[in-house]
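Structural description and commentary
As a plain string of letters, each chain reads:
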Amino acid sequence: MSSWLGGLGSGLGQSLGQVGGSLASLTGQISNFTKDMLMEGTEEVEAELPNSRRKEIEAIHSVLRSENERLKKLCTDLEEKHEASELQIKQQSTSYRNQLQQKEVEISHLKARQIALQDQLLKLQSATQCTQSAGGGPAAPASSPFGYRVSQHASGFHDDDMDFGDIISSQQEINRLSNQVSRLESEVGHWRHIAQTSKAQGSNNSDQNEICKLQNIIKELKQTRSQEIDDHQHEMSVLQNAHQQKLTEISRRHREELSDYEERIEELENLLQQDGSGIVITDHSKIHEMQKTIQDLQNEKVASIKKIEELEDKIKDINDKLSSTENDRDILRKEQERLNVENRQITEECESLKLKCSKLQPDAVKQSDTVTEKEKILPQSPSVEEEVLKLQQALSDAENEIMRLSNLNQDNSLTEDNLKLKMHVETLEKQKSLLSQEKHMILIKDQLSKQQSEGDSIISKLRQELTDENRRVHQLQDDNMNMTKELDVQKEKLVQSERVLNDLHLAKQKLEEKVEDLVDQLNKSQNSNLNMQKENFGLKEHIKQNEEELSRVRDELTRSLNRDSGSDFKDDLLKEKEAEVRNLKQKLSEIEQLNGHLNKVAFDLKMENEKLVLACEDVRHELEESIAGSNQISLERNTFVEALKMEKGQLEAELSRAEQRLVEEANKYEQMIEELSKARDLSTSALQLEQQRLMKLSQEKDFEIAELKKNLEQMDTHHKETKEILSSSLEEQKHLSQLISEKDVFIEKLKERNSVLQEELDKCTEALRKNEILKQTMEEKDRSLGSMKEENNHLKEELERLREQHSRAAPVVEPKPLDSVTELESEVLQLNIIKGNLEEEIKRHQKIIEDQNQSKMQLLQSLEEQKKEMAEFKSQHEQMNVTHTQLFLEKDEEIKNLQKTVEQIKTQLHEERQGVPTENSEIFQETKVQSLNIENGSEKHDLSKAETERLVKGIKERELEIKLLNEKNISLTKQIDQLSKDEVGKLTQIIQQKDLEIQALHARISSASYTQDVVYLQQQLQAYAKEREQVLAVLSEKTRENSHLKTEYHKMMDIVAAREAALVKLQEDNQKLSTRSEGGGQDMFRETVQNLSRIIREKDIEIDALSQKCQTLLTVLQTSSTGSEVGGVNSNQFEELLQERDKLKQQVKKMEEWKQQVMTTVQNMQHESAQLQEELHQLQAQVLVDSDNNSKLQVDYTGLIQSYEQNETKLKNFGQELAQVQHSIGQLCSTKELLLGKLDSISPQLSSGSSSPSQPAESLGMVKPDRSRESSKQELEELRKSLQEKDATIKTLQENNHRLSDSIAATSELERKEHEQTDSEMKQLREKQEVLQKSLKEKDLLIKAKSDQLLSLNENFTNKVNENELLRQAVTNLKERILILEMDICKLKEENERIVETSREKETEYQALQETNTKFSMMLREKEFECHSMKEKALAFEQLLKEKEQGKTGELNQLLNAVKSMQEKTVKFQQERDQVMLALKQKQMENSTLQNEVQHLRDKEIRLNQELERLRNHLLESEDSYTREALAAEDREAKLRKKVTVLEEKLVSSSNAMENASHQASLQVESLQEQLNVVSKQRDETTLQLSVSREQVKQYALSLSNLQMVLEHFQQEEKAMYSAELEKHKQLVAEWKKKAENLEGKLMSLQERFDEANAALDSASRLTEQLDLKEEKIEELKKQNELRQEMLDDVQKKLMNLVNSTEGKVDKVLMRNLFIGHFHTPKHQRHEVLRLMGSILGIKREEMEQLLHEGQGGVTRWMTGWLGGGSKSVPNTPLRPNQQSVLNNSFSELFVKFLETESHPSVPPPKLSVHDMKPLDSPGRRKAVTNVPESFKDTAESRSGRRTDVNPFLAPRSAAVPLINPAGLGPGGPGHLLLKPISDVLPTFTPLPVSPDNSAGVVLKDLLKQ
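Residues numbered from 1 in each chain as written. Predicted model: local features only at pLDDT ≥ 70, side-chain atom pairs only at ≥ 80, totals over all residues. Heavy atoms only, no water.

1. Examining the overall build of the protein
Stated formally: Helix numbering and strand numbering both begin at the N terminus, where a helix is a DSSP run of H or I of at least 4 residues and a strand a DSSP run of E of at least 2. Exposure is judged per residue with a 1.4 Å probe applied to protein chains only, and the accessible area is read against the type maximum: over 50% gives exposed, under 20% gives buried, and values in between give partly exposed. Between two residues, a contact is recorded if the distance between any of their heavy atoms is within 4.5 Å. Surface exposure here means Shrake-Rupley accessible area, sampled with a 1.4 Å probe, where a residue is shielded only by the protein chains that are shown.
In terms of regular secondary structure, the protein is built from 35 helices and zero strands. For the protein, the residues scored as buried account for 33% of the 1906 residues in total. A fraction of 88% describes how many contacts in the protein between residues 6 or more apart in sequence connect residues 24 or more apart. Approximately 117000 Å² of the protein is accessible, and the part contributed by carbon and sulfur atoms is 55%.

Below is the structure:
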């Protein structure tokens, strides 16, 4: 409605403008015509009458003046209108600015939202990268390509502080834009008018073409969107395939590791079983080699265990950082504590086992005596079996744990499971090692030989795992770095977005606050500057005073120098200088503080000034840019917003899809990992469950999409930025896919076949889905065809009914004209063409259907041969897609064409079938429903409705034409029905065939070979079909929303345009009415009437004067006395009257000019008053500003006065403090002088008391020479007593003096140093003070300059603030004016009606005045003729008087009669002419030819005046020659006769001229009558247009009020919308802030974890370095061991030689000792000595006992007495198991035991615990003791500890050859010599674990027994 109104208004405005232009041209032509006529009339008279030309020019000049005045009035009116329009434009510009601000706020919110969405997308990408990096290869760091570009127009209209020049330029641009808008609106109205006329004529082809174009565009857009969706889905499928491949690789690795661990566990179990079966005794060489290898392996194992533990710690830290699993760490700590407890328990068990072994050893020895020599004992205690069982249980537990860990298979837990398995293996190995140590050495041999190879393999595996884990650690570190970078980037982006929001919301407030703060700071800085200057002056005065005081003090010091010593002077100087320095320091510190404060203030002011300048420049630039861009923004906003909405919808839909897909992928991966751990192959039931879950997820997605749509309706974003972000994200995705493809080439090769098959199956499913969609569309189109058939049937029935009516009404029909016949023929031709097109389309469709059948067959073949021919399948699939799309498009075109034909037939038969409206409406409803089902928008039917409505109007004109075309229509409808039936049958057949084919395909797909895959694919198909339907629904909704938004936008624009046009028209009407009300034309009429009335009065006066003259002349004639005198008087009076008339005319002209001047001055005064009012307003604003400035200055002044008073008080306080300091200095000086005086008095006494009597004599010689002479001995004695008394005081004083002198010396030195320092400091301070003074001066200048700048800026700012306030006030005033204007418009309408009534009344008055004017003009002419006649009578009377004087009365009478007859003739002629002129004037009532008639009359007056002048001259001549020519009367008579003939000729010529003029006047009257008729017609037309325009004005007023209501409502809704949007955006901002805080917290925690990981890595690197050092040490120790083993081999060889050499020999020394001891021993013990000797000599025990029994008395006593019961103290030593038993309690054994007990004291052996071991780096022999078991350590330590306490018998041997291996390399037992293999001849022994205390005795026993 609004658009229609706007078009109508613009059309009306154009038509009115054209009418006004035509009227102006008419009036111009009329004026030109009258001017030409006047010029022609004047050219005739110009030769004779030059004065008439001058008067004509004067008249034209007056007319031009009046026109000038009118134009001036028009100019003033136009200027006022211009001002009003400028105000309106300002208001519109403010409203547009507000709209721009709102749009920019919306754009900023949308940007924030977009940034948030981009951040979410980045987070999701980083999450995917994290999962990929945790899975395997390194992921490329996600770059953040988002460059945020803050909009330049953001703060475009926040601060409106711009110059007047900018305002003027912007105003000009706004005016230009408004002109463009009005031009465009007029063009739009013109084109609308044309479109309406074309639509009324019935040209529908253009609309249909536009509809087809739009539909094609929509289809193309749909195709592009589907292609983009397919591309996106393809990328997502590629990513999913890559991720699945990675998952499969990880699961394969995990399975391989699990199989390796299972094999390892099986090997360990086999080893345990082999250990349990039995132990084979091997050679000593093999044992030795195995021991070495076992020891090496254990060392390497310990090192590798340490490395593994360090790496485990690293990996644990990294895993904690990534997955924040701190619970695992606690669990591992608990396990470590438990393992430590277990280790402690095992060590305690080992110690208890050792104790048991030591306890069991004597029992074993006792048992070995009873057992035979040949038995080989294998002591397997039940404890060993128990330990084996424990091991088996531990292995079973480990297996259970491994199974449990395999069930818990997750991406992050794989590494932890590996670590736990490794830990368990290590704990098992540790337990085994401990058990193997506790067991006998023989149990471990075979195990260690097997463990060596296993350990090598394990070590290699562990090394590989270490390298892999190191790589993973590096990757994780890189990922952590990338994550931190991305988080930093996101933080910066969030901070930037928050800053942007804050800046946008608070820019203006900040600027205002800044300016206020700057003003305050300036005032403060000025105050502080003044204070500083005052304080500087005060400080300078203080410094001068101080200098004076210093000079004065120096003078005093110089004086005191003469009095006192140098130390006093120095002290005084130092104290004074100290006081001065303190004061100066305080002052300088204060000055420095003040200067620093001033510097800060000045710097702040500089910075803020620069900021303000920059801000002003930015604001100016932004204003210019916004003014430049506002034109484009106003034009581009609509399309831009729509495109942004579309793209925003697509973007957020894609984002939501990406998020949901990522969530789905995460869930899928977790489920895949769980399914892999539970079972390796997925069952179809699990797949179905997953499919159902996916369906649910897709439904949830749909709901989320619906919610996002609602959000999208409120959002707009920048088109370019979104495109750039999309492209960057696509490039990143491509980059990631390339990286993944490069790194996973091997996996892709393995799984290419599966992916290809899956993709092809997906394509098949998509093709099937498309086929189903095509089926649905075909079915829907079949329905529509059925409905069309029904409509065709109805139309047939109606056509038959019409035929019957036609046959009935055929005779009544009148013959048609040729035009209708030609039109009908053209329509028939068009219908034939349409019929041919339809037939061709049907043929094409049949061909397309055949092609489709062929493509279907090809599809079947390709489905059968999927695995063989994949390429053929793809090509056929593409062909199918192409053909389907073509069929779809062609069917749409078919249906459109059919609908068009049906609608045309409907429109033609609309009136005939009014009897059956319900059926048609139902059919239309069905078609509408079907069309809604078929397509998203029901635009075609709306168009068809509009067309039917238009055609219904045209049906009334074409009723008769339809009757002629009925037969042709019936035939066409029959053909169409046949065609539609054929098509429907064919389509139904095609659909049935396709259904059969699809069923066959389903049957083939559901075969046994493809069961699982096909089920899965079917489910995917259904899901994809649902997703596509949902996407289509979303698209349809979006298109509807877009169309709705477009219509709303167009409505709003139409409303705004209509309102603006209505306002413009109302303004123009008001201006016209105001100009009419001013009534310039009526003033002109009044003035003319007044002038005419004045002229008539003057003429009346002249006629009165002339009548009086005539009466006087008659009286003169009657009296006929003294005619000469009377005639002179009359002529004089006549001349005087003429002169008076001329004077009066000149005065009237002067008065008119003066009146015009007065009018112009009044108008100028009005303009000046308006200007003065504006200046008054400006002055008031300036006065307000000045008052504000004055108030501010008063405040500043009061602040300055207060600061000055405070400074004065501070100066007073400083003066008081100075006085106090000076007073305190004086007191200190006095106290110092007193102290010095005391010291001086004390010093001579001290010198007299301390020194020799010569010194006091010298010292006191100056003081007391006279007293000693005068005083007596009593005085000396008193003095001595006093001296003795004072000695004590002097001593104390001396001590005090020493102390004081020392302190004074120290203080003097300190004071000297301080004095020098203070001098230097004083110099430095003075220099600083000078520099500061200079800088102060410079800064003062700077501050002054800056203050001037600030003042100017403040002035500018205040001006701009005032301007802003004025603008705001103007805006408010304009709003109020709008309301007032709306009220005024109503008033003006009423006034218009009144003015119209008054104008009608005034028109009637005008007509009456014109009639009166004509009457007055006629009266004037009559009176002028009377005047002429009276003048002629006067002349005749004068001639009569003259002739009477001459005496020739007869002739005069004759002449008078002739004159009378001539006068009568002239009167007749004049009466005729007057009649003609009256007729002319009556016909020229409203035209401008009145001036021509007036000019003609003036010409006639001039001619008569010339004749009068000639007659006057003649009279004068006759009067002059009266006396002379008295005799020549006859001559005169002849002359008079001649003159009469001349006069007759002249009268004849004048009558001819009059006839010509009357003929011309009649011609002019005829032309003027024609013009009058034309003008009257135009006037009638204008009156009609006026009435129409008044009605339109009323309608516009109503529409204006409605529009205002609508606008107010719309503004309220907009405000509500904006407030809601603001609240939502605030909530979003709050949420994002919370998210940012959470992210910051997470970042902090991640950084802490990262620091912990770095610390752990540092510790690991240190441990690796220590490990490397230890490995080097181990290698060195191995080399030493090899050397020592070589030494041992040499020693063993020497020992063998010694044994072989000393086997059959007896030691002489020993035998001698024994022999001597035999005689020294008591007799009852001598047999022991004999036994020993016998055993040495090789005598058997039985023989020795027999010998002893034979000679018992002496021998036994000797032996027993010699030994003395030494056998009691000898402990029982256990024999070796395979050694031959010797004598049990023989003398030799007793003797050896005796020697052992005597050799070392009976102290218990030292048991060294683990804690007593030396550290690793301790020097000595026990460097490698850490790796040796405790038993070996104990032996080694006991040996090394007892090296000095060895038996003297063994001294040389122990010194030469150490029996124990010092390195302690033997892992099975002590490195004893006799335990090493010696030779094959000697018997081999299996070594038993022997206590360290018994080893020496064993050596002796071996020696003795061998």
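Okay, back to it.
2. Some thoughts on the packing of aromatic side chains
Threshold: To pair, rings of Phe, Tyr and Trp, with the six-membered ring standing in for Trp, must have centres within 6.5 Å; the planes then decide the type, stacked if under 30 degrees apart, edge-to-face if over 60, and tilted in the middle. Think of it as a cone above the ring: NZ of Lys or CZ of Arg counts as a charge over the ring if it is within 6 Å of the ring centre and within 35 degrees of the ring normal.
Inspection of the entire model under this criterion finds one aromatic pair. Here the aromatic rings of Phe1715 and Phe1719 are separated by 4.8 Å at their centres, their planes lie at 80°, and the arrangement is edge-to-face. Of this pair, Phe1715 and Phe1719 both sit in helix H28 (residues 1708–1720), four residues apart, which is roughly one turn of that helix. The ring of Phe888 carries Lys781 above its face, with NZ or CZ at 4.4 Å from the centroid. The ring of Trp1632 has Lys1635 lying over it, and the distance from NZ or CZ to the ring centre is 4.2 Å.

3. Description of the pattern of salt bridges
Which entries qualify depends on this criterion: Salt bridge, as used here, is a side-chain nitrogen of Lys or Arg placed within 4 Å of a carboxyl oxygen of Asp or Glu.
Tallying each qualifying case throughout the model produces 24 salt bridges. Lys219 is paired through a salt bridge with Asp892; the nearest N and O atoms lie 4.0 Å apart. Pair noted here: Lys219 is in helix H4 (residues 205–277) and Asp892 is in helix H15 (residues 870–908), with a separation of 673 residues, a long-range link. Under the relative-accessibility criterion, Lys219 is labelled buried at 18%. On the basis of relative accessible area, Asp892 is assigned to the buried category, the value being 5%. Where salt bridges share partners, they join Arg54, Glu58 and Lys1149 into one cluster.

4. Focus on a positive patch on the surface
Selection rule: Here the term patch refers to residues with relative accessible area over 30% and no salt bridge, with like charges joined within 9 Å and nonpolar side chains (Val, Leu, Ile, Met, Phe, Trp, Tyr) within 5 Å. In this count, Lys and Arg are taken as positive residues and Asp and Glu as negative ones, while His and the chain termini are left out. For this purpose, a charge sits on NZ of Lys, CZ of Arg, CG of Asp or CD of Glu.
On the surface, a cluster of positive charge is contributed by Arg1510, Lys1535, Lys1538, Lys1539 and Lys1546. Per-element tally for the positive patch: the top contributor is helix H27 (residues 1529–1701), with four residues.

5. Some thoughts on a nonpolar patch on the surface
A cluster of nonpolar side chains, namely Leu214, Ile217, Ile218 and Leu221, defines an oily patch on the protein surface of about 360 Å² accessible area. Of note, Leu221 is situated in helix H4. Residue class for Leu221 comes out exposed when judged on its relative accessible area of 52%.

6. Here's the deal with the packing of helix H24 (residues 1273–1446) against H27
Helix packing for two helices is described by the angle between their axes and how far apart those axes are. As a reminder, the rule being used: The convention used is that axes are lines fitted to C-alpha atoms, helices contributing only their stretch in contact, and that angles between N-to-C directions extend from 0 to 180 degrees. For classification, angles of less than 35 degrees are called roughly parallel, those exceeding 145 degrees roughly antiparallel, those between 65 and 115 degrees roughly perpendicular, and all remaining angles oblique. Each residue is assigned to one class: nonpolar for Ala, Val, Leu, Ile, Met, Phe, Trp, Tyr, Cys and Pro, charged for Asp, Glu, Lys and Arg, and polar for all the others, Gly among them.
Contact pair H24 / H27: the axes reach a minimum separation of 12 Å and the direction vectors enclose 175°. Judged by the angle between their axes, H24 and H27 are roughly antiparallel. Touching Glu1382, Lys1389, Glu1393, Val1396, Arg1400 and Gln1446 of H24 are Arg1532, Arg1590, Val1593, Lys1594, Ala1597 and Gln1604, all from H27. Residue composition of the contact of H24 with H27, grouped by class: three nonpolar, two polar and seven charged.

7. Brief notes about the confidence of the model for the protein
The condition is simple: What pLDDT reports is the predictor's confidence in each residue, on a scale of 0 through 100.
Mean pLDDT over the protein: 76, with 75% of residues reaching 70 or higher. Low confidence marks residues 136–162, where pLDDT is under 50. Its contacts with residues over four positions away, or in another chain, come to 71 contacts. Confidence drops under pLDDT 50 across residues 915–941; counting only partners more than four residues distant or on other chains, this segment forms 30 contacts.

8. Structural notes on a negative patch on the surface
A grouping of Glu1390, Glu1391, Glu1393, Glu1397, Glu1401 and Glu1405 is seen on the molecular surface, where their side chains present a negatively charged patch. The class for Glu1397 is partly exposed, based on a relative accessible area of 48%.

9. Some words on the packing of H28 against helix H29 (residues 1726–1737)
The condition is simple: By convention, the crossing between two helices is left-handed when the near helix turns anticlockwise from the far helix through less than a right angle, and right-handed when the turn is clockwise.
Interaxial distance between H28 and H29 falls to 9 Å at its minimum, and their mutual angle equals 160°. Comparing their axes, H29 and H28 come out roughly antiparallel. Here the hand of the crossing between H28 and H29 comes out left-handed. In this structure, H28 contributes Leu1710, Met1711, Leu1714, Phe1715, His1718 and Phe1719 to the contact, and H29 contributes Arg1726, Val1729, Leu1730, Leu1732, Met1733, Ile1736 and Leu1737.

10. So, the environment of Thr1112
Here Thr1112 shows up in helix H20 (residues 1080–1119). Residue class for Thr1112 comes out partly exposed when judged on its relative accessible area of 32%.

11. Description of the environment of Ser1601
Assignment of secondary structure puts Ser1601 in helix H27. A sequence separation of 219 residues divides Ser1601 from Glu1382, and the C-alpha atoms of the two residues are 8.8 Å apart.

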